[in-house]
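Topology and contacts: notes
Next come the chains, spelled out residue by residue.
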Amino acid sequence: MRICLVKGGPSLEYDVSLKSAQTIRTTLEELGHEIEEILIPKTGKLPHALFTSRCDLFYPVMHGHMGEDGLIQALFELLDRPYVSEDVLTSSIGMDKDTQLRLFAQAGIPTARTVCLRQSDKLPDRLFDAEHYIVKMNSGGSSIGIEKADRKGLDAALARVFELDERVLVQEEISPLRELECLVFYDYSDDEVKVAGPIEVSASAPYYVYENKYSDRVRCIPPEEVLIDEEIRNKITQYAARAFRAVHGSLYMRVDFFLSGSRLMINEINTIPGSTPSSHLLVLAGQAGGMKAFVSNLIGNALIRYNRKKV
């Protein structure tokens, strides 16, 4: 097939997108596909080539705004072309943490105590009690712009994060904290939601921040070495599949969890996980047959999804 790899975009993770795209390009070439690459600049201006490409399939490897919020997917839908990512609705949910958490709670999946605020909102007098709070963007990357503050420092932390996003989450700090991740995908060959993982993220910080994300300060513990009891492991698998359905997943995503003692909480989903050489997707894909087999299955499932929509 001729596959159009779409990378770049106006996100803060522009450089990560380029590295992820190189991994995917190598995998696609190993699978024997012909590759056309289209770079979306940091301005977000869409190249004319996107509208004239005659490729069989689009493969977006863009993180954050325009890549994971449903915008590029909406263009593919308008062009009536198959693509390898979640659809417009699920992608837009994937960039709205508050909506995710509400859907997860409705689906019976435990979450950390959280409030979502706009800049015009007053911080609630009766905010849930916690020794420390985590402040983060509602629609930004999973590790960008995260602040930790006590009650006295909360207003200042909010002011800083509001410079990055118009809606901000205030969440209880989970301590002690373990972070676990699963890869969830839909297999159209047998119409089943499948889960790989979990892996564990081991970071040299109280929480997983962007500065650590693509550095050697983070260690990815593979599934066979993750030390959790079988009941927790089964719950993670069940909750990951339930979360996929709750956000109307139709292809693949990463689902992230917090674990504190025996308390398990879902954190968020990531609809276009990074695929740089140090990204955890590569480890998770190993449990799904390896990166080549996983990407090949994604392509096949994306085509089946497209054809089913045409019926």
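Heads up: the structure comes first, above all this text.
Residue indices follow the written sequence of each chain, beginning from 1 at its first position. Only residues with pLDDT of at least 70 are given local features in this predicted model, and only at 80 or more are side-chain atom pairs given and counted; all residues enter the totals for whole chains, interfaces and linings. Here the side-chain values reflect all heavy atoms present in the structure, with hydrogen atoms and water set aside.

Overview of the packing of aromatic side chains
Classification of ring pairs rests on two measures: the distance between centres of Phe, Tyr or Trp rings, Trp counted by its six-membered ring, which must be within 6.5 Å, and the angle between planes, read as stacked under 30 degrees, edge-to-face over 60 and tilted in between. Tallied over the full model, the rule gives 6 aromatic pairs. Both rings, one in Phe-76 and one in Tyr-83, keep their centres 5.4 Å apart while their planes meet at 40°; by these two values the pair is tilted. Take Phe-76: its relative accessible area is 0%, and that puts it in the buried class. Residues Phe-128 and Tyr-133 carry aromatic rings whose centres are separated by 5.6 Å and whose planes lie at 50° to one another, so their mutual orientation is tilted. The residues Phe-128 and Tyr-133 share a single accessibility class, namely buried. In textbook terms, an aromatic cluster arises when at least three aromatic residues are bridged by ring pairs, as seen for Phe-58, Phe-76 and Tyr-83. A 1.4 Å probe rolled over the protein chains alone gives each residue an accessible area, and that area as a share of the maximum for its type sets the label: buried under 20%, exposed over 50%, partly exposed in between.

Describing the side chain of Asp-98
For helices the rule is a DSSP run of H or I covering at least 4 residues; for strands it is a run of E covering at least 2, with both sets numbered from the N terminus onward. In this structure, Asp-98 sits in helix H5 (residues 97-106). When its relative accessible area of 12% is taken as the criterion, Asp-98 is described as buried. Polar contact criterion, stated in full: a pair of N or O atoms within 3.5 Å, where within protein one must be able to donate a hydrogen and the other to accept it, and residues adjacent in sequence count only if both atoms are side-chain atoms. Side chain to side chain, Asp-98 and Arg-102 meet in a polar contact 3.0 Å long.

A look at unusual backbone geometry
Across the chain, the bulk of peptide bonds are trans and the bulk of non-glycine residues have phi less than zero. Cis geometry is adopted by the peptide bond preceding Pro-176, which originates at Ser-175 and carries an omega value of -5°. For the peptide bond that leads from Gly-197 to Pro-198, omega is 10°, which places it in the cis range. Following the sequence through the fold, Pro-198 ends up in strand E9 (residues 192-203). A positive phi angle, near 50°, is found at Asp-191, a position not held by glycine. Within the secondary structure layout, Asp-191 lies in the loop between strand E8 (178-187) and E9.

Considerations on the nonpolar core
The criterion is simple. A nonpolar core is a set of buried Ala, Val, Leu, Ile, Met, Phe, Trp, Tyr and Cys residues joined through side-chain atoms within 4.5 Å. Phe-104, Val-184, Ile-236, Val-255, Phe-257 and Ile-266 are the most contacted members of the largest nonpolar core, which has 30 residues in total. Counting residues per element, the ones that place at least two in this core are H5, E8, helix H8 (230-246), strand E11 (252-260) and strand E12 (263-270). The element contributing the most residues to this core is H8, with 8 residues. Those residues in contact with Val-255, other than ones at most four positions away along the chain, are Leu-180, Glu-181, Cys-182, Val-184, Ala-240, Ala-243, Ile-266, Glu-268 and Ile-269. Among the nonpolar cores identified, the runner-up in size contains 27 residues, and Leu-183, Ala-196, Leu-281 and Phe-294 belong to it. Note on contacts: a residue pair qualifies if any of its non-hydrogen atoms lie within 4.5 Å across the two residues.

Observations regarding the pattern of salt bridges
Here, a salt bridge means any Lys or Arg side-chain nitrogen found within 4 Å of an Asp or Glu carboxyl oxygen. This model, assessed by the stated rule, comprises 21 salt bridges. For Glu-173, the salt bridge goes to Lys-148, with nearest N and O atoms at 3.0 Å. Pair noted here: Glu-173 is in the loop between strand E7 (167-172) and E8 and Lys-148 is in strand E6 (residues 147-149), with a separation of 25 residues, a long-range link. One connected set of salt bridges, linked through shared partners, spans Lys-7, Arg-25, Glu-29 and Glu-37.

Some thoughts on the pairing of strand E3 (residues 57-61)
E3 sits mainly inside the fold: 5 of its 5 residues count as buried. Of the two faces of E3, the one carrying Leu-57, Tyr-59 and Val-61 and the one carrying Phe-58 and Pro-60 are both buried. DSSP-based pairing: two strands are paired if at least 2 bridges between them are found. By the bridge criterion, 5 bridges tie strand E1 (residues 2-8) to E3 in an arrangement that is parallel. Residue pairing for E3: Leu-5 is matched across the bridge by Tyr-59.

As for the sheet that holds E3
One open sheet accounts for 3 strands, arranged E2-E1-E3; its pairing is parallel. Looking at the sheet topology across the chains shown, the edges are occupied by strand E2 (34-40) and E3. Across the sheet, the axes of successive neighbouring strands diverge by a mean angle of 25°, strand direction being ignored. Sheet topology note: the E1/E2 ladder contains 7 bridges and is parallel. Within E2, the residue paired with Leu-5 across the bridge is Glu-37. Together, E1, E2 and E3 form the strand contacts of helix H1 (residues 14-30), whose direction differs from that of E1 by roughly 165°. Here an axis means a line fitted to C-alpha atoms, over the contact stretch when the element is a helix, while the angle between two N-to-C directions is reported on a 0 to 180 degree scale.

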